[in-house]
Amino acid sequence: MNTETLTHPEVFGQFRRDLYGDQASFHKNVHVFIILGASGDLAKKKIYPTLWWLFRDGLLPDETYIVGFARSNLTLEDVRAACLPHMKVANDESEHLSAFFRKNSYLSGRYDDGTSFSQLDAHLSSLSRGADSTNRLFYLALPPTVYHHATKNIRIHCMNPKGWNRMIVEKPFGHDLQSSQELSAHLSSLFTEDQIYRIDHYLGKEMVQNLMVLRFGNRIFGPIWNRNSVACVVLTFKEPFGTQGRGGYFDEFGIIRDVMQNHLLQMLCLVAMEKPASTSPDDVRDEKVKVLKSITPVALSDVVLGQYVGDPNGDIHSKLGYQDDPTVPEGSCTPTFATAVLYVQNERWDGVPFILRCGKALNERKAEVRLQFTDVPGDIFHDHIQRNELVVRVQPNEAIYLKMMTKRPGVYFSPEETELDLTYKSRYKNVTLPDAYERLILDVFCGNQMHFVRSDELREAWRVFTPLLHHIEKEKTRPIPYTYGSRGPREADELVKRAGFRYEGTYKWVQPCTT
């Protein structure tokens, strides 16, 4: 967490009050965090490490217990050994780590077995014996195939009448519109909407959350944040590595389901939405739903799909293409790259292309939001002026910078492209940004659903992409091959250019010195 926040006890105490409020009863209540799927990769790599960091920094409610539940017959020591490589424990934190694991326990059982959940409930009750109130938080770190059994057994056997009960649901939230609605209907038959937290970790990232403050906390952006000044919006997610042995899992979903339909569409909503009436979760999510309702389903003519092939001159990883992965079905048509152009058909954005780009095995790691503004009217500099751009760099090296024209230094009277820059490592030297999961799990403890996906929001997101997904799967549309480590298919750059994005290729942002 923010190291400046943790420096002084009085500041830290205020931070906890800001987080949880002044209710003394909240801190006295027992909280039990149940991880279903505790033996899986997500649990050991993300959930247990996140809970450890929150415990270490004193950010969990005082009486919090952690219970792992899975089919594997493990001991708590087995769980600890599996998680330890991912927990970033300092040399002087061993006693604190032992205190953390004393708050932990583990049970094995089957997700389709009511008796296993009755035993889980008895164990949960034993942890809170004597408490006036107990709150239970269930994290479903499970494959979708067992959601129905697990959630039904939680509802029947593990709900606590004295305190709140909340469910964190991991993506994928269905496979298409129909399966998503079936899952939502199943969950809503068991729990109320305010008990369900559909987690998209991108909504916990610093710069994604910053989009609302940047837009609605600054007077200078309001008048130009519309179709009169914005030529196009580009949302990018690039990874420099392939599936690397996980192709069998990835092949079930593809890049559109894995990244575009959730992460990039969520960022699009934050860029495009109107100012909410307040920062309350429902006011914010109402505006996001309005954006999604204004987007027509994406057309195949506005999409380029790609699949990476090996680079014969590359290293041991980049020599292998997607279909060289033995876990990938032979002849797979699953795209590992996609560029799509969407349009928000409302008064603010009519005619402005929103370009979504994502892919694996590309030339760099990058996630960003880029607003490219329209040309300066009445150019007096003989076509030496480039378009202004506002860029929000989500990862890596979080930054906000505005590309603009200035006079070249010296005796010249000619324009030159440069930037106004806010790079976090340079500006906030003593601040460690929290992991996205830290923010989101704290939000669940606090009951704040702003950064979680509501059921109607999910329905509209699937509506945008389901016709495209069904078409390419029915027709077995062949993705365009692109070389591992490249920018992706050339056809994608051509689509982006046709949509209205102008790239001169003459300027590259340079990260400023952090000293």
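Further up the page is the structure itself.
Treat the numbers as computed from the prediction; the structure is a model and nothing was measured.

**Section: the overall build of the protein**
Then, in step 1: Broken down by element type, the protein carries 16 helices and 15 strands.
Then, in step 2: Seen along its three principal axes, the alpha-carbon backbone of the protein occupies a region of about 80 × 60 × 45 Å.
Then, in step 3: Taken across its 515 residues, the protein has 51% of its residues classed as buried.
Then, in step 4: About 23600 Å² of surface is accessible on the protein, with carbon and sulfur atoms providing 50% of the total.
Then, in step 5: Between the mean site of the 61 positive side-chain charges and the mean site of the 64 negative ones, the protein shows a separation of 1 Å.

**As for the packing of helix H8 (residues 177-190) against helix H15 (residues 455-474)**
Then, in step 1: It is the contact of H8 with H15, at a shortest axis distance of 9 Å, that shows an interaxial angle of 165°. In terms of axis orientation, H8 runs roughly antiparallel to H15. Here H8 and H15 pass one another in a crossing that is right-handed. Contacts between H8 and H15 involve Leu177, Ser180, Gln181 and Ser184 from the first element and Ser455, Leu458, Arg459, Trp462, Arg463 and Thr466 from the second.
Then, in step 2: Residue composition of the contact of H8 with H15, by class: 3 nonpolar, 5 polar and 2 charged.

**A few points about a nonpolar patch on the surface**
Then, in step 1: The grouping of Ile380, Phe381 and Phe413 at the surface amounts to a nonpolar patch, some 370 Å² of accessible area in total.
Then, in step 2: In this structure, Phe381 sits in the loop between strand S11 (366-373) and strand S12 (389-395).
Then, in step 3: Accessibility expressed as a relative area gives 31% for Phe381, which makes it partly exposed.

**Comments concerning the pattern of salt bridges**
Then, in step 1: Evaluation of the coordinates by the stated rule reveals 31 salt bridges.
Then, in step 2: One salt bridge connects Asp112 with Arg110, and the closest N-O pair in it is separated by 3.0 Å.
Then, in step 3: By relative accessible area, Asp112 is classed as partly exposed at 45%.
Then, in step 4: Lys288 is the salt-bridge partner of Glu457, the closest N and O atoms lying 3.2 Å from each other. With Glu457 in helix H15 and Lys288 in helix H12 (residues 281-293), the pair connects residues that are 169 residues apart, well separated along the chain.

**What about the environment of Lys152?**
Then, in step 1: Take Lys152: it is sitting in helix H7 (residues 147-158).
Then, in step 2: Looking at Lys152, the relative accessible area reads 48%, which means it is partly exposed.
Then, in step 3: C-alpha separation for the pair Lys152 and Asn228, spaced 76 residues apart in sequence, amounts to 51 Å.

**Regarding the sheet that holds strand S1 (residues 30-36)**
Then, in step 1: The strand order S3-S2-S1-S4-S5-S6 describes an open sheet built from 6 strands, whose pairing is parallel. Looking at which strands have only one partner, the edges of the open sheet turn out to be strand S3 (104-108) and strand S6 (196-199). The average undirected angle you get between the axes of adjacent strands in this sheet is 20°.
Then, in step 2: Both S1 and strand S4 (residues 134-140) contribute to a ladder of 7 bridges, which runs parallel. Paired with Ile34 across the two strands is Phe138, which belongs to S4.

**Thoughts on helix H5 (residues 94-102)**
Then, in step 1: When we look at burial in H5, the residues that qualify are Leu97, Phe100 and Phe101. End-on view of H5: buried residues confined to an arc of 90°, all on one side of the axis. Those residues of H5 that are exposed and aimed more than 90 degrees away from the buried face are Glu95 and Arg102.

**Looking at the pairing of strand S10 (residues 353-359)**
Then, in step 1: Taking burial as the measure, the 7 residues of S10 include 7 buried ones, the bulk of the element.
Then, in step 2: Residues Pro353, Ile355, Arg357 and Gly359 line one face of S10 and the alternating positions Phe354, Leu356 and Cys358 line the opposite face, and both faces are buried.
Then, in step 3: Sheet topology places strand S7 (residues 230-238) next to S10; 6 bridges connect them, and they run parallel. Residue pairing across strands places Val233 opposite Phe354, the latter belonging to S10.
Then, in step 4: One ladder, built from 7 bridges, connects strand S9 (residues 337-343) with S10; its direction is antiparallel.

Rules used in this analysis
Residues numbered from 1 in each chain as written. Predicted model: local features only at pLDDT ≥ 70, side-chain atom pairs only at ≥ 80, totals over all residues. Heavy atoms only, no water. Helix = DSSP H or I, 4+ residues; strand = E, 2+ residues; numbered from the N terminus. Buried < 20%, exposed > 50% of the residue type's maximum accessible area, 1.4 Å probe, protein only. Areas by Shrake-Rupley, 256 points an atom, 1.4 Å probe, with all protein chains shown as cover. Lys, Arg positive; Asp, Glu negative; His and termini not counted. Charge placed at Lys NZ, Arg CZ, Asp CG, Glu CD. Axes fitted to C-alpha atoms, helices over the stretch in contact; angles between N-to-C directions. Parallel < 35°, antiparallel > 145°, perpendicular 65-115°, else oblique. Left-handed = near helix turned anticlockwise from the far one by under 90°. Contact = heavy atoms within 4.5 Å. Nonpolar A, V, L, I, M, F, W, Y, C, P; charged D, E, K, R; others polar. Patch = residues over 30% accessible without salt bridge, like charges linked within 9 Å, V, L, I, M, F, W, Y side chains within 5 Å. Salt bridge = Lys/Arg side-chain N within 4 Å of Asp/Glu carboxyl O. Pairing = 2+ DSSP bridges. Arc of directions from axis to C-beta.

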